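The residues making up each chain are set out below.
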Amino acid sequence: MTIEEAKKRLCLALDVDRLSDAKRLVEALRDRVTMFKIGFQLFTREGPEAVQAVLRLGGRVFLDLKYHDIPNTVANAAREAVNMGVYMFNVHASGGSEMMRAAVEGAAEQSQKNNAPMPVILAVTVLTSLNDKILTDELNVNNTLSHHVTHLAALAKASGLGGVVASSREITAIRKCCGRDFAILTPGIRPPWIKDADDQKRTATPADAIRLGADYIVVGRPILKADDPAAAADKILRDMAAL
Ligand code: C5P
């Protein structure tokens, strides 16, 4: 993979709470990173202005708000995501197929109305903070975690979604059940030169995640906490490209 191809597949998690910090990061990294993830922290504080700021600076936005509600509400939220001009957003697959189809239909209708591109809609299958015990004892799911992940990924695909968020451990099984034409975006990335995994348990290096079949990798702290974030991003791009 070339460095230019790697840039298209690197997503930076803008896990900061101030718009000014987010803007500084986008300005410093926009030549290296194509897509910026805006999650609950930044969006709850700064709202749609955070999305507009990234777009104005030339970045793409992955709006990571994990919609999970009744179909009508999710369809309306999907329309607003389109109105904001996001490139990608996500929903919880456990909201069911009707909810996921409503997200697709809402987004498609609004895209057509706005004459704007249809966003990529991803599903969250099982949060990586859950484990087999929680799934069985608390959520009463009579399935192993890995089978439940692939079951929900297949449901997301059948409901018209474009892909899933998945840990490196789940990539192979999801590729097998959902095929090549289904985007996989993988967080929990820790470059080989970083010893501290923070709170991430199922980590992979950038190169490993790509080799396993991830289409996009999401990186937060290894870039955000680096003394020189641009240099850290360059090293990650080189790791992705050196396959
Ligand atoms: O800092 P770090 O690289 O661990 O950031 C990972 C980003 O990906 C965070 O924004 C986090 O919310 C998100 N994420 C994750 N693990 C998941 C799903 C999303 O770390 N399973």
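Going by the structure above, here's the rest.
Residues numbered from 1 in each chain as written. Predicted model: local features only at pLDDT ≥ 70, side-chain atom pairs only at ≥ 80, totals over all residues. Heavy atoms only, no water.

Caption draft 1: Here's a closer look at the packing of aromatic side chains. If you walk through the whole model with that rule in mind, you get 1 aromatic pair. Between Tyr-67 and Phe-89 the ring centres are 5.8 Å apart and the planes differ by 55 degrees, which places this aromatic pair in the tilted class. You can see Tyr-67 sitting in strand 3 (residues 60-67) and its partner Phe-89 sitting in strand 4 (residues 88-92), a full 22 residues away along the chain. The burial state of Tyr-67 is the same as that of Phe-89; both residues are buried. Lying over the aromatic face of Tyr-87, Arg-60 brings its terminal NZ or CZ to 4.0 Å of the ring centre. (Phe/Tyr/Trp six-rings, centres within 6.5 Å; stacked < 30°, edge-to-face > 60°. Helix = DSSP H or I, 4+ residues; strand = E, 2+ residues; numbered from the N terminus. Buried < 20%, exposed > 50% of the residue type's maximum accessible area, 1.4 Å probe, protein only. Lys NZ or Arg CZ within 6 Å of the ring centre and 35° of its normal.)

Caption draft 2: Seen up close, the pattern of salt bridges. One pass over the structure, following the stated rule, counts 11 salt bridges. Of the charged contacts, one joins Asp-64 and Lys-37 as a salt bridge, the two residues approaching to 2.6 Å between their closest N and O atoms. Here Asp-64, found in strand 3, pairs with Lys-37, found in strand 2 (residues 35-38); they are 27 residues apart in sequence, far enough to count as distant. The same class applies to Asp-64 and to Lys-37, which are both buried. Through salt bridges with shared partners, a single network forms among Lys-37, Asp-64 and Lys-66. (Salt bridge = Lys/Arg side-chain N within 4 Å of Asp/Glu carboxyl O.)

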